[in-house]
Amino acid sequence: MLTSCVPGGGVDDELREELEMLRQRIAVFDHMREGLQVVDRKLRYKYLNLAAASHGMRPREELLGHAMVEMYPGIENTEVFQHIVTCLETGAPNAMENLFEFPDGQKKWFDLRIQAVPAGVIVLSVDIDDRKRLEEEVRRAKKLEALGRLASEIAHDFGNILSAILVGVDVALFSLPEDGPEAESLRMVRDAAERGTSSLEHLLEFARGGAVDLAPLELDTSLERLVPMLRGLAEGRFLGVGLDACGAHVRADATFLDRILSNLVANAHDATEPGGRITLETRVVLGAVEIHVTDDGCGMDVDVREHVFEPFFTTKGDHGTGLGLATVYGLVKQLGGNVEIGSAPGEGTRVVITLPLVEPEG
Ligand code: ADP
Ligand code: MG
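J.: I would appreciate a short explanation of helix α5 (residues 79–90) in the present structure.
T.: Structurally, the α-helix is built with 3.6 residues per turn, so residues lying three or four positions apart point the same way. Taking 1.5 Å of rise per residue, the 12 residues of α5 would be expected to cover 16 Å, and the 16 Å separating its terminal C-alpha atoms lies within 8% of that figure. Those residues of α5 that sit buried are Val 80, Phe 81, Ile 84, Val 85, Cys 87 and Leu 88. Buried residues along α5 cover an arc of 160° about the axis, so they all sit on one side. Those residues of α5 that are exposed and angled more than 90 degrees off the buried face are Glu 89 and Thr 90. At the exit of α5 stands Gly 91, carrying a positive phi of roughly 80°.

See the structure below:
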């Protein structure tokens, strides 16, 4: 109606002024950090402020006038959609924390308020993804800590038992002819007990938490030394090495790096076919050093990616312990760093470890 007015008239000026004021008022919503959207009774986007469009990860011009199901295929199966429909039907408001899954598989946490209005429903959204992820980190750390304590108690008990076995076997071997069948059997027992001890050491290493005394070391040189061992683990795959953090120091321990890289390369090996490609790279970014371990293997779907750092999570049945990435996570955290994983089915995997840069000790 406003656009059909003849320009120049007094009434028209008034209308124009009113329209301008209205525009300015609506523009205020674009300064909000909270997303505000109005969906009509046919579930079409009628209004979105800038934050709402950014929460939906699409420009608002694309969304306006279109149905939710058209813009986000599959949204009809989500909890949010069901709540919006219920709100439209019953008029009852609703509030929830929701993990929204986008059509491309990405997931993000929002705090949502849904409220009925004459035109349809208003949805107010607050991005709480960072907070949720932090809470998840704390939960994970607590779980690891509890598990660490348990593992360490068990490891100590078993360590004592294995020591007793090893001592007993040595005493018995001493009194037996060296090339007899009894000595041969006892040597097998000793080998098994020694393997057990070495597994326990891994468990203890995983269990070890808290502060560790670490000195600055030059990352690239330390990694360079690990390469022959990593090539062994990468057996049958091509291991490309591109160390590009020359001179950069991190506060770490060579055995930590050994455990971290061994686990990552072993996983990359398991995920790739013979002839596949694994890459180890380093580079300096702002105030930190990144270690990238990449492979062109099977990759992970969203469900696997969400659980990989959990102790005992494995998709390898009896062949996996599920402690590899939990150990990596624990060790990297002890170094004051961070681990991130980018992966998709059929697109390989990239693990990025970020460690703070430190000055070399003079
Ligand atoms: P494990 O190797 O014993 O299964 P991890 O903690 O090392 O335990 O890994 C947990 C799971 O994460 C694996 O079972 C696998 O499903 C997945 N995973 C880890 N690394 C990769 C990778 N590079 N590519 C694909 N999947 C991986
Ligand atoms: Mg593993």
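J.: In this structure, what is going on with the sheet that holds strand β5 (residues 120–127)? I would like to understand it.
T.: Hydrogen bonds between backbone groups are what pair the strands of a sheet, and the pairing can be parallel or antiparallel. The strand order β2-β1-β5-β4-β3 describes an open sheet built from 5 strands, whose pairing is antiparallel. Strand pairing shows two members of the sheet lacking a second neighbour, β2 (45–48) and β3 (94–101), which therefore form its edges. Taking the axes of each pair of neighbouring strands and ignoring which way they run, one obtains an average angle of 25° across the sheet. Where strand β1 (residues 35–40) and β2 come together, 3 bridges link them in antiparallel fashion. Residue Val 38 lies in a different strand from β2, and its bridge partner there is Tyr 47. Packed onto the sheet, α5 meets β1, β3, β4 (107–117) and β5 and runs at close to 5° relative to β4.

J.: How should I be thinking about the packing of aromatic side chains in this particular structure?
T.: We describe a pair of aromatic rings using the distance from one ring centre to the other and the angle between the two ring planes. Here the structure, examined in full by the defined rule, presents 6 aromatic pairs. Note on Tyr 45 and Tyr 72: the rings are 6.5 Å apart at their centroids and 75° apart in plane angle, and the pair reads as edge-to-face. Here Tyr 72 lies in the loop between α4 (68–71) and α5 and Tyr 45 lies in strand β2, a separation of 27 residues in the sequence. Residue class for Tyr 72 comes out buried when judged on its relative accessible area of 6%. Seen from their ring centres, Tyr 72 and Phe 102 are 6.4 Å apart, and the 65° between their planes marks the pair as edge-to-face. Linking Tyr 72 in the loop between α4 and α5 with Phe 102 in the loop between β3 and β4, this pair joins segments that are 30 residues apart in sequence. A residue is classified by how much of its surface remains accessible, and Phe 102, at 6% relative accessible area, is buried.

Cut-off values and rules
Residues numbered from 1 in each chain as written. Chains lettered and ligands numbered in written order. Predicted model: local features only at pLDDT ≥ 70, side-chain atom pairs only at ≥ 80, totals over all residues. Heavy atoms only, no water. Helix = DSSP H or I, 4+ residues; strand = E, 2+ residues; numbered from the N terminus. Expected span 1.5 Å × (residues − 1). Buried < 20%, exposed > 50% of the residue type's maximum accessible area, 1.4 Å probe, protein only. Arc of directions from axis to C-beta. Pairing = 2+ DSSP bridges. Axes fitted to C-alpha atoms, helices over the stretch in contact; angles between N-to-C directions. Contact = heavy atoms within 4.5 Å. Phe/Tyr/Trp six-rings, centres within 6.5 Å; stacked < 30°, edge-to-face > 60°.

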